[in-house]
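# What the coordinates show
Below are the chains, spelled out letter by letter.
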Amino acid sequence: MKKLIPIFIALFICSSCGEDFFETTLKVDPPPHEDQLVIHSFVKSTDSLVFVSLTKSTGILETTNYNYGPIYVNDGTVELFENGTLKYTLEPTGEEPFNYKVELNDVFGGLGNTYELKASQDTLGTATAEQTMIAPPALVSAVFDEDGGTPSDYYYESNAIDITIDDQSGEDFYEIRLVQEDTFENVIYINNRYVESVDVNTSQGLDGSILVDGASFDGDSYTLELQTNTSWDPNLKIYLRAISKDWFLYSKSLYDFRESEDFQIFAEPVTVHTNVQNGLGVFAMGAQATISVDEE
Amino acid sequence: MQKIKSSYRPIFLLFFSLFFLATANGQGKNKFTISGYIEDATSGEKLISANAYDTKSENGTVSNIYGFYSITLPSDSVVITFSYIGYQALEYRLLLDKDLVINVKLEPELSLQEITVVAEKYEERIEETTRMSTVDVPIAQIKKIPALLGEVDVLKALQLLPGVQSGGEGQNGLYVRGGSPDQNLILLDGVPVYNASHLFGFFSVFNADAVKDVKLTKGGFPARYGGRLSSVIEINMKEGNINEWHGAGSIGLIASKLTVEGPIKKDKTSIMLSGRRTYIDILAKPLIEKSFAEGGGSGTAGYFFYDFNGKINHKFSDKDRLYFSIYTGKDKFYLEETYKDEFNGNSFEDETEFGLGWGNITSALRWNHLWTNKLFSNTTLTFSRYSFNTKLRSYSEFDEGSDEYALGYLSGIDDFAGKIDFDYVPNPSHFIRFGAGIINHTFKPGKFDILFEEIENGYPSTSIDTTLGQANINAQEFSAYIEDDMKLGKNLKLNAGLHFSAFRLKDKTYPSLQPRLNVRYMLPANVALKGSFAMMRQYVQLLTNEGIGLPTDLWLPSTKRVKPQDSWQVGLGLAKTFAGKYEVSIEGYYKEMTNLVAYKEGASFITLNDWEDDVTQGDGKSYGAEFFVQKKKGRLTGWVGYTLSWSWRTFPEVNLGERYPFKYDRRHDLSIVASYEISDRINIAGTWVFGTGNAVTLANSQYYGVFPDVNFPNFNSARINRTDFYRNRNNFRMNAYHRMDIGINFVKKKKRHTRTWSFGAYNTYNQKNPFFLFTDEEFNLETGESKTVLKQASLFPIIPYFNYSFEF
């Protein structure tokens with residue numbers, strides 16, 4: 001035993017002498033990737049312009065060109081089909097972020113019709129997505145309640161706005177925004193006002209919007225409370241949009257993704273919703289109702 | 001409380017009919033009972049699952065966890081053999097004409113020495129037992145397994161068994177048959193241990209010197225167990241030598257241990273005390289203080305953990321014994337720094353304090369009572385506490401005033417419990433267990449104390465002193481069970497039982513009835529065909545970002561919104577002992593789990609949301625096959641375990657509702673454990689493990705998400721956000737994991753003690769095993785371009801160890 005001890009001590013010491021002893025990283029291959037078309041288009045029944053943003057995705061390690069913004073695809077073809085028939089061909093505009101558009105003679109309309117958006121490009125192939133235009137929501141009232149906000153554990157907004165919706169039977173999703181419309185030289189400028197809600201049917205959406213899943217009040221009238229620190233103003237309005245499920249899921253998941261970026265490895269990964277076949281992004285439709293906020 | 005579902009009534013009727021029929025059977029006259037305790041002759045430690053077997057009638061029984069046995073036989077001459085692995089068997093030839101009490105003391109076998117055969121051994125072989133999916137790992141074997149930094153670890157030894165996986169490199173979390181670590185009921189002397197980890201999961205809280213027995217059950221759960229879906233790990237502390245004083249200790253690289261045990265009153269009262277503490281903080285203290293001083297200030301920092309186990313038992317009579325056991329352990333990280341300076345004639349002083357601590361306390365008071373020679377009871381009162389706290393304080397003092405900021409956080413769980421268990425052995429064909437219990441849980445989901453105070457010219461300019469967080473939750477968990485180990489004819493054995501549980505919150509009660517069944521049928525050539533069915537329910541869960549093993553992990557109850565988790569599992573297997581020493585089993589299993597809990601996409605434990613808003617519930621499914629060969633006797637001991645398995649999760653709000661592989665879905669998992677006694681003085685041991693790489697979620701591609709702002713489409717305006725796209729959760733496999741550990745022990749008996757030098761190495765061939773993946777920038781000097789690459793980080797290279805231990 002006494003003879004062995006020095007051998008073990010030598011082994012113990014020498015084992016830490018290797019050239020790359022503390023080099024504990026190895027390069028590994030990422031998951032396989034193929035560049036794809038990325039479509040973003042949001043159409044409301046009252047719009048007279050249809051915009052499409054057409055970009056492309058890249059592999060997760062391709063950062064050289066990607067750090068400076070989306071890679072726009074301006075040499076593609078973008079077409080919109082209504083119930084299987086080509087309705088519009090969108091033209092490239094060279095603008096960003098929506099780089100294809102078509103101007104309509106009237107509002108989009110199309111209630112109940114099915115639309116297919118098809119984008120193609122020589123090397124990236126063809127990507128498609130489908131939507132059905134939905135009916136505008138029935139927005140009954142929006143009433144401002146000074147100091148009526150419900151405090152929660154983590155925030156306290158002083159004022160409340162009670163919004164009543166007449167929900168139709170079936171699967172319904174909504175997006176709510178509180179805005180202040182100011183008119184200057186006949187041009188309406190819309191300012192978003194930040195709102196929150198502790199209602200269990202709501203979740204936070206992008207651009208300060210509140211998303212509502214109508215499943216729990218299907219076919220009923222429902223009043224939910226928004227909280228805001230905005231003071232009452234006669235120009236305050238509520239935009240209530242009936243939105244497709246794809247709009248709802250995309251807005252919710254992209255919001256969650258953005259929020260999770262703050263927590264990096266500690267947050268669970270978020271799959272951003274897509275309804276694009278052979279591509280990424282979203283083609284979404286909605287219909288909007290607008291109402292002024294009444295003073296209590 | 002809801003009424004028991006009518007669909008359960010036939011199960012009740014069937015079970016109770018069987019029960020009464022069975023206990024009535026064999027109650028005829030001219031039968032007598034032999035009962036008593038089976039214990040180690042030298043230490044007086046009670047032997048668990050020791051055998052008492054009548055070779056004439058070919059009937060036998062086993063001792064319970066308190067060493068008690070009872071066997072009722074016809075009035076006749078009987079030849080009773082008492083045996084236990086590692087002990088010399090003892091034979092009694094008797095004319096049984098009255099009830100007898102025989103307290104048996106078995107002498108340990110001395111390894112590699114000539115053994116005088118006192119009696120031919122009858123040992124209950126794997127094919128004899130009804131239960132399947134259960135493994136006993138002798139603590140002596142665990143102590144020989146080479147370990148990280150030489151620190152013997154009970155839980156890491158269990159990870160080497162088939163059906164059990166580790167979470168990540170060095171972690172002691174157990175993933176049993178596709179379940180998560182919170183689905184394991186870890187019992188230390190019958191008390192649940194909520195956080196079994198030291199040092200962020202690299203070491204377990206169980207000091208092997210204080211442990212007597214370890215048993216893992218991963219399926220075919222008997223009715224006496226409940227409360228978790230995936231496994232039960234029973235760890236029993238030593239009782240303390242009742243005959244003479246002994247001790248053991250060790251000095252290792254990171255910790256030292258000392259255990260003493262002995263009689264307070266011989267044959268009546270014994271005590272065992274065991275402690276362990278790390279000392280890197282003490283050794284490094286001068287260096288750390290010097291480092292602070294060199295920076296111009298003063299301070300200290302360090303980390304340590306400790307454990308203390310204590311147990312005292314007193315024998316009032318042959319009918320009454322009392323045990324009191326306690327465990328307490330804590331991890332603590334601390335940092336204190338003070339810095340003083342002057343600038344332009346103004347002096348200032350900064351103080352910073354940071355503390356992080358977590359730990360468990362468990363204690364149990366147990367009373368054994370022998371009502372008759374066939375009816376044994378154990379009454380237990382327990383207390384268990386897990387708490388985590390952190391403190392951060394910063395104080396600055398300057399000529400005009402001072403600033404103070406402090407943040408404290410406290411979370412944890414307290415349990416008070418009481419239960420009573422009965423063992424009733426009416427005849428050799430039945431071993432009936434029944435009992436009931438109640439646990440009062442107090443969950444502390446997390447409380448923040450915040451202090452923020454600024455003082456200028458003697459007057460407070462800003463002052464906030466508040467407490468934020470979620471209220472404590474109280475809940476009661478009730479349970480009752482009955483089970484019978486039945487022998488129905490020569491070839492058929494059955495363990496049938498019912499477990500009832502209920503969980504009561506302020507506004508909701510969840511009842512549950514869970515049938516359990518284990519069947520063994522002996523095929524020709526002594527091959528046992530075994531099957532099992534078990535339904536389980538779990539009312540508590542651990543909210544954790546899987547795999548990291550942080551002490552911030554929160555134990556939380558089922559609530560009105562968060563439903564209890566349920567599972568059902570079936571198993572089918574074959575078992576046989578070859579050549580009297582190789583236990584071979586092959587088992588297939590299928591398990592479905594519902595109402596599993598996971599963080600929603602994007603959620604994190606760091607957020608301050610109500611935890612119920614951050615979680616989602618879904619289902620899981622796992623299935624596979626396990627192959628196990630174990631050799632417990634001889635110079636060469638050890639096992640080979642192989643698992644082929646699949647494990648899936650489906651959560652409506654995760655992965656777009658599509659099924660995805662569980663993070664610890666591991667297709668192949670192989671462990672080889674061997675130790676060899678070269679001589680009385682030298683033994684070597686080695687392990688080799690191989691496992692399919694863990695599943696991780698990597699983005700498939702990246703793009704910019706676009707969302708129109710409120711002025712769209714009147715203006716071509718939108719918010720854009722760089723977005724990673726994950727096609728599927730857990731879509732990428734890290735590299736396979738494999739590692740070999742080798743150790744050698746040199747044992748020498750001295751005049752007053754035995755000492756052992758242990759040497760070895762963890763990860764002997766320095767395999768760079770995956771710990772996590774990350775992206776990195778690589779700069780090419782020749783082209784001047786940088787490139788993003790994906791890299792795998794490893795944690796432990798080869799880590800040699802040595803350890804000195806002694807016994808006296």
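Here is what the cut-offs are and how they apply
- Residues numbered from 1 in each chain as written.
- Chains lettered and ligands numbered in written order.
- Predicted model: local features only at pLDDT ≥ 70, side-chain atom pairs only at ≥ 80, totals over all residues.
- Heavy atoms only, no water.
- Domains from an automatic or database assignment.
- Contact = heavy atoms within 4.5 Å.
- Buried area = accessible area lost by both parts, 1.4 Å probe.
- Salt bridge = Lys/Arg side-chain N within 4 Å of Asp/Glu carboxyl O.
- Polar contact = N/O pair within 3.5 Å; in protein donor to acceptor, adjacent residues only side chain to side chain.
- Helix = DSSP H or I, 4+ residues; strand = E, 2+ residues; numbered from the N terminus.
- Nonpolar A, V, L, I, M, F, W, Y, C, P; charged D, E, K, R; others polar.
- Pairing = 2+ DSSP bridges.
- Buried < 20%, exposed > 50% of the residue type's maximum accessible area, 1.4 Å probe, protein only.

### Focus on the domain arrangement of chain A
Residue and element names in this part refer to chain A. The domains assigned to chain A are domain 1 (37-132) and domain 2 (138-271 + 287-295). Summarising the inter-unit geometry, the C-alpha centres of domain 1 and domain 2 are found 26 Å apart. Taken together, the contact pairs seven residues of domain 1 with seven residues of domain 2. Between domain 1 and domain 2, the buried area comes to about 620 Å², and carbon and sulfur atoms account for 59% of it. Considering only the surface of domain 1 that becomes buried against domain 2, F42, K44 and Q131 emerge as the three largest contributors, covering 69% of it. Summed over the shared surface of domain 1 and domain 2, the result is zero salt bridges. In this structure, the connection of domain 1 to domain 2 is made through three residue pairs in polar contact (both at pLDDT 80 or more). Elements represented by at least two residues in the side of domain 1 that touches domain 2 include exactly β2 (37-44) and β9 (125-132). By residue number, the principal contributor to the side of domain 1 that touches domain 2 is β2, which donates four residues. Among the residues making up the side of domain 1 that touches domain 2, the classes are represented as two nonpolar, three polar and two charged.

### Quick look at the interface of chain B and chain A
Contacts between the two partners involve 76 residues from chain B, matched on the other side by 75 residues from chain A. For the pair chain B and chain A, the summed buried area comes to about 6,900 Å², and 64% of that belongs to carbon and sulfur atoms. Linking chain B to chain A there are two salt bridges. Remark: the boundary between chain B and chain A carries 17 residue pairs in polar contact (both at pLDDT 80 or more). Secondary structure elements with two or more residues in the side of chain B that touches chain A: β27 (459-469), β42 (701-708), β43 (718-725), β45 (737-749), β46 (754-762), β47 (772-779), β48 (786-793) and β49 (799-807) of chain B. Taken together, the three bridges between strand β1 (residues 25-27) of chain A and β48(B) define a ladder with antiparallel strand orientation. The residue bridging A:L26 from the neighbouring strand is B:Q792, located in β48(B).

### Digging into the pairing of strand β1 (residues 31-40) of chain B
Residue and element names in this part refer to chain B. Burial analysis of β1 places eight of its 10 residues in the buried class, the great majority of the element. One ladder, built from seven bridges, connects β1 with strand β4 (residues 68-74); its direction is antiparallel. Within β4, the position partnered with Y37 by the bridge is F68. Where β1 lies against strand β7 (residues 100-101), two bridges are found, and the strand directions are parallel. Across the sheet, S35 pairs through a bridge with V101, a residue of β7. Here β1 pairs with strand β8 (residues 104-106) via three bridges, running parallel. Bridge pairing in β8 places D40 opposite L106.

### Comments concerning the pattern of salt bridges
Residues and elements named next belong to chain B. Under the criterion given, the structure shown has 51 salt bridges over all chains. Its salt-bridge partner being E151, residue K257 comes within 3.8 Å of it at the nearest N-O pair. Residue K257 is found in strand β19 (residues 255-265), and its partner E151 is found in the loop between α2 (139-144) and α3 (154-158); the two are separated by 106 residues along the sequence. Overall, the relative accessible area of 3% leaves E151 in the buried class. Between D613 and R561 there is a salt bridge; the shortest N-O distance is 3.0 Å. One end of the pair, D613, is in helix α5 (residues 611-614); the other, R561, is in the loop between β33 (554-557) and β34 (565-578), with 52 residues separating them in the sequence. Given a relative accessible area of 37%, D613 falls into the partly exposed group.

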